Amino acid sequence: MTGYDADVVVVGFGGAGAAAALSAAEHGAEVLVVDRDTRGGNTALSGGSLRLRPDVERAARYLSTLSLDRKAAAVHRSMLDGCLDLGRWLVRLGAEIEEMNDAFVTNTLPRVLASPYPTIAGSEALGPRFRVRGRAGQSGGDAVWELLRDAVLRHPRITVRTPAVAVELVRAGELGRVDGVRLRETDGVRAVRARHGVVLACGGFEYDRRLQQNYLGFSLPAFGWPGGNDGSGVRLAQGVGAALWHMTSIASVLGYQLPGLEAAVRHSMPDLGYIYVDQECARFVDETGVDFHAIPMDLLRMNPRTFRRDRMPSFLVFDETTRAAGPIADTYLTPYRDEFRWSRDNRAEIEHGWIAAAETPRELAAALGLDPEALAATVERYNAGAAAGTDPLGRAAGDLRPLRGPFYGVALWPCLINTQGGPRRDATCRILDPGGEPIPGLFGAGELGSMWTQLYPGAGNLTEAIVTGRTAGAAAAEALAPANGKTPATDTGAPAVTDALAAFVAGLRAGDLPDTALRAARRCVLDQLGCAVFGSTLPWSALVRDYVRDEGSAPRALVWGSGLRASATLAALANATAGHAFEIDDLHAGACFHPGAVTLPVATAVAQACGPLSGADWLAAVVAGYEVGARVGLALGIDHFLAGHHPQGTVGVFAAAATAARALGLDAAATADAFGIAASMSAGLMAAQEGGMVKRLHSGHAAASGVQAALLARRGFTGIKSVLEVPFGGFLSTMGGDQAKLRASVAGLGTTWEIEQVGFKAYASCATNHTSIEAVELLLARHRLTAADVARVEVHVTSDAAIHGGYEYLGREVIEAQMSLKYAVALLLTFGTVEAAHFRDGVIAREDLVALAKSVDVVGDPGIDALGEARRFTAWARIETVDGREFRQEVDDRKGDPSRPLSDDDLERKFRDLLAAAGSPHADRILRLVGDLPRLGDVAELAVLLGGEGA
């Protein structure tokens, strides 16, 4: 960022603004965030509920019914699609995500229902509520805000300025793009240029009483930070001709407006001894059976006889037992959480005069300014119904409890969580003019112009804020600046992607790695070494080893498990083939790539042939390969795989070249040449999954190509320049990748570590099979079923997974068995487990297993497809028994995925088991060396042990 200029200016530093800033930075933009303070807006004061697993199709129809706004359908769908990846994104920022348990619903009064509107079809389609796990006693909203705030403040491409208030948007010409903001700071007003766009994420108008009166017809107290959300975003957008929508819509719950406090305090009940009455002392709602977001709608209505809103305020009436049970307010979700806590028994608030107290309902009514006889009659009728277990308003019998004096009361208001109205935006968060056309350079996110209308479903504002923030930030970063037509990556003077990767590789040091990445690297190394040592014992690895021996070469680097020495290139060929020899090596799911199998053999071969290499440098070389390979794989995406390419062979050459270049100490220019050379050797066909041994060789060929490319580059041999970006005949243009995704992944170099997103395998089977395996395994164990009990097994997966593993199983070759989901289910029915020993020649062709596999139905399910890329491992299994019973089990993420990681003990156990199966006596020594890698002066001892020469 140059001075006050930036690629993207984000106005507002709450959840939406933070997400917008992070997303824009991830897409290569320099970002300026401006706000009054860093308190976090409504995000920090929210309950923290998130929707991460909607049924997109059904939820879209449900939201369409709620909103009554047909023009918003695309906006709804975009938000729901964004939910599916939100959890993984938060995890990448460092969050731990947990599902909110049933106690959140059953122990909260007024109750929080799964949906406030259960009678509307599809109300359950939004899925369960989740939250970010915080510290003990920390609210969910505060935990989310702390996560987002800290990620923004540590990001090298984001600058936050406070106090700074946007007072005007600047346009290039009368109707030109929005290309700047005028800011008021403590020392005056200045103009700030936004080269690509401005994101408005500054909240609604909870603290602008005039706007409330104009659009709502009344004004309400609010829970948010006093002085915040003052409607400035509405005025900024109107100043450049934006259309407005949903201006009469609000999200509210019940609260108290107390003397001396500008913000409202949330209503919350500790026990069942309470009722609500209006100004005529009549009850009007089932106090415990209507969702807390929906109850305020009953208070907002106008009395058609008196033309007054005689439920604003209404009154809470509660009894002595409830008074003593706990506080009737939640001050933690208010701006006053650091100033005071509501007393545990409400005594202090009674003494303050905030709560009226009386011995009888008549005396209480007099204290509240109500009709004494009317309130006494209402309490009497309620108590009689409670004793009989009936209620005219439908309150459940179990929630009915007669009120016993003394009695207490307090005025109760519908209080604003937030307003929803603001500038209208489209599915990509572009702000629109009254004709429905985007205003160039202007984007919106969060509660300013929310998609929600009067029927707010709960756990939606925070989810929408973060999802739309990410969408708006990405769109703003990618917006074209007409003056030069360049994308953000070039407009900011950033180097080309290939060169950026090369510079990262050349400059990476083990000391650059944060503790989380270093721990992930050690786990990857341990897991992959076990896989490779075991893989070296398999027949196809032996055949490649024989080829290496016959070829002959400078005998410098050991071929693992053999004592044979070869050149760095041929040793990498043999060892990387062994590393991918048994479908049990690590996986970066987003990149569809097994990075350990190509990086560790390359680093070790180069260390022996061209070294020596310290443990720190060896580790840096390995991590460089993981980071580059994952980023190139992410840019290619799943479509590359579905086109028939095997990423192990295509992406693998980049990972191998990066590792070799770093191990050789090449500078950035030579590293870029190594990429340009290796890319031309990129190859691998996915038909290899159905037979033959060649799928294993893809890893070996990629590793050898990377070593060869780096060695040639060291000699001055040049490759294709900017090979990733070249528009014709370049890697992505040929292989079907996405330049925007590539720029986004490169934007995180040195701050976001893809090695932390690598998972490990619990089964020696294709990774897309693992959730299905676990689902069937759980059903068989839980219901104590054997093959004799089972009439039919049906497994539902994504359409892609059905192609990958659902083909007819013939029992011909090991690779066919390891890729086959049907064979894995047959193993479970026969043995109850899926183990490495089941993928041997003597087992895979057994007639009973082949027959069982053919009886398994694998269904490519459009419903799972609709969940999006983030849920591509989701699977569910159904078993029908011979006696007519039916059981169903769903599993969303596989064991070993970063969202469900294997423990360190699990990985060590897997490593020891694999080395024992390979007949290696060196497990303890290798474990010690892996733990000491950053401190090893030379990796020679580790290489010797892997090669089988250690004493």
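- Going by what an unreviewed UniProt entry lists, the protein is known as MmgE/PrpD family protein and is assigned to Phytohabitans maris.
- The Sequence similarities (unreviewed entry) comment attached to the protein in UniProt states, word for word, "Belongs to the PrpD family."

## Comments concerning the packing of helix 16 (residues 497–507) against helix 21 (residues 615–642)
Then, in step 1: Between helix 16 and helix 21, the least distance of the axes is 10 Å, while the angle of their chain directions is 165°. Between helix 16 and helix 21, the angle is such that the two are roughly antiparallel. Crossing of helix 16 against helix 21: the hand is right-handed. Counted together, L501, F504 and V505 of helix 16 and A624, E627, V628, R631 and V632 of helix 21 form the full contact between these two elements.

## Remarks on empty space enclosed by the protein
Then, in step 1: Throughout the structure, instances matching the rule amount to seven cavities of 30 Å³ or more.
Then, in step 2: Taken as a whole, the largest cavity encloses approximately 290 Å³ of empty space.
Then, in step 3: Lining of the largest cavity is provided by 21 residues; of these, C592, F641, C766, T768 and H804 occupy positions nearest its centre.
Then, in step 4: For the lining of the largest cavity, the secondary-structure elements that each account for two or more residues are helix 21 and helix 29 (799–805).
Then, in step 5: Considered class by class, the residues forming the lining of the largest cavity number eleven nonpolar, five polar and five charged.
Then, in step 6: Estimated volume of the second largest cavity: approximately 70 Å³.
Then, in step 7: Lining of the second largest cavity is provided by Y117, I250, A251, S252, H293, P296, M297, L300, Q454 and Y456.

## What to know about the nonpolar core
Then, in step 1: Residues L148, V199 and L316 are the most contacted members of the largest nonpolar core, which totals 114 residues.
Then, in step 2: In this structure, V199 is in contact with V8, V9, V10, V11, A20, F443, A445, A472 and A476, ignoring residues within four places of it in sequence.
Then, in step 3: Membership of the second largest hydrophobic core comes to 99 residues, among which are V505, A520, A571 and L619.

## A look at the packing of aromatic side chains
Then, in step 1: Following the criterion strictly, the structure yields 16 aromatic pairs and no others.
Then, in step 2: An aromatic cluster is present here, built from Y256, Y336, F340, W342 and W354 joined pairwise through their rings.
Then, in step 3: One residue, R395, lies across the ring of Y274, its end atom 5.3 Å from the ring centre.
Then, in step 4: Above the face of the F873 ring, R894 is positioned so that its terminal group lies 5.8 Å from the ring centre.

## Here's the deal with helix 35 (residues 904–918)
Then, in step 1: Between its first and last C-alpha atoms helix 35 spans 21 Å; for 15 residues at 1.5 Å apiece the expected length is 21 Å, and the two agree.
Then, in step 2: Looking at helix 35, one finds that the buried residues are L907, K910, F911, L914 and L915. Along the long axis of helix 35, the arc covered by the buried residues comes to 125°, so they all point the same way. Opposite the buried face of helix 35, by more than 90 degrees, sit the exposed residues D905, D913, A916 and A917.
Then, in step 3: Immediately downstream of helix 35, the backbone of G919 shows phi near 80°, a positive value.

## Some thoughts on unusual backbone geometry
Note: most peptide bonds trans; most residues except glycine with negative phi.
Then, in step 1: The omega torsion across T162 and P163 is -10°, close enough to zero to call that bond cis.
Then, in step 2: With respect to the helices, strands and loops of the structure, P163 is situated in the loop between strand 6 (158–161) and strand 7 (165–171).
Then, in step 3: Positive phi, close to 70°, is recorded for C429, a residue that is not glycine.
Then, in step 4: On the secondary structure map, C429 appears in the loop between strand 18 (422–423) and strand 19 (430–432).
Then, in step 5: For C592, which is not glycine, the phi dihedral falls at a positive 55°.
Then, in step 6: With respect to the element layout, C592 can be found in the loop between helix 19 (568–579) and helix 20 (595–610).
Then, in step 7: Take C592: its relative accessible area is 14%, and that puts it in the buried class.

## Examining the pattern of salt bridges
Then, in step 1: With the rule as written, the count across this model stands at 60 salt bridges.
Then, in step 2: Between D142 and R337 there is a salt bridge, with its nearest N and O atoms 3.4 Å apart. Placement of D142 in helix 6 (residues 140–154) and of R337 in the loop between strand 15 (329–330) and helix 11 (347–352) is noted, with a sequence separation of 195 residues between them.
Then, in step 3: Given a relative accessible area of 13%, D142 falls into the buried group.
Then, in step 4: For R337, a relative accessible area of 10% translates into the label buried.
Then, in step 5: For E941, the salt bridge is made with R925, and the minimal N-O distance between the two is 3.2 Å. Here E941 is found in helix 37 (residues 940–947), whereas its partner R925 is found in helix 36 (residues 923–931), with 16 residues between them in sequence.
Then, in step 6: Judged by relative accessible area, which is 33%, E941 ranks as partly exposed.
Then, in step 7: Taken together, the shared-partner salt bridges connect R792, E794, D857, R878 and E880 into one network.

## Points about helix 17 (residues 515–535)
Then, in step 1: The terminal C-alpha atoms of helix 17, which comprises 21 residues, lie 30 Å apart, in line with the 30 Å expected from a rise of 1.5 Å per residue.
Then, in step 2: Among the 21 residues in helix 17, 17 count as buried, and that is most of the element.

## What about the sheet that holds strand 3 (residues 50–51)?
Strand-to-strand pairing in sheets goes through backbone hydrogen bonds, with the strands running parallel or antiparallel.
Then, in step 1: What the three strands build is an open sheet, ordered 3-5-4; its pairing is antiparallel. Each edge of the open sheet is held by one strand with a lone partner, namely strand 3 and strand 4 (97–99).
Then, in step 2: In this sheet, strand 5 (residues 129–132) lies alongside strand 4 in antiparallel orientation, the contact comprising three bridges. Bridge assignment links I97 to a residue of strand 5, and that residue is V132.

## Description of the pairing of strand 8 (residues 178–185)
As a general feature of sheets, a regular strand has side chains that alternate between the two faces.
Then, in step 1: Relative to strand 8, strand 7 is paired through six bridges, and the arrangement is antiparallel. Bridging from a neighbouring strand, L169 pairs with V181 of strand 8.
Then, in step 2: Note: strand 8 against strand 9 (residues 188–200), six bridges, orientation antiparallel. From the neighbouring strand, R184 faces strand 9, where its bridge partner is V189.
Then, in step 3: Count of turn residues in the strand 8/strand 9 antiparallel hairpin: two residues.

Criteria and cut-off values
Residues numbered from 1 in each chain as written. Predicted model: local features only at pLDDT ≥ 70, side-chain atom pairs only at ≥ 80, totals over all residues. Heavy atoms only, no water. UniProt positions renumbered as here; feature names shortened; annotations may be inferred. Axes fitted to C-alpha atoms, helices over the stretch in contact; angles between N-to-C directions. Helix = DSSP H or I, 4+ residues; strand = E, 2+ residues; numbered from the N terminus. Parallel < 35°, antiparallel > 145°, perpendicular 65-115°, else oblique. Left-handed = near helix turned anticlockwise from the far one by under 90°. Contact = heavy atoms within 4.5 Å. 1 Å grid on protein atoms, 1.4 Å probe; cavity = no way out; pocket = protein on both sides within 12 Å on 5 of 7 lines; lining within 4 Å. Points joined across faces, edges and corners; volume = space filled by probe spheres on them. Nonpolar A, V, L, I, M, F, W, Y, C, P; charged D, E, K, R; others polar. Core = buried A, V, L, I, M, F, W, Y, C linked by side-chain atoms within 4.5 Å. Buried < 20%, exposed > 50% of the residue type's maximum accessible area, 1.4 Å probe, protein only. Phe/Tyr/Trp six-rings, centres within 6.5 Å; stacked < 30°, edge-to-face > 60°. Lys NZ or Arg CZ within 6 Å of the ring centre and 35° of its normal. Expected span 1.5 Å × (residues − 1). Arc of directions from axis to C-beta. Salt bridge = Lys/Arg side-chain N within 4 Å of Asp/Glu carboxyl O. Pairing = 2+ DSSP bridges.

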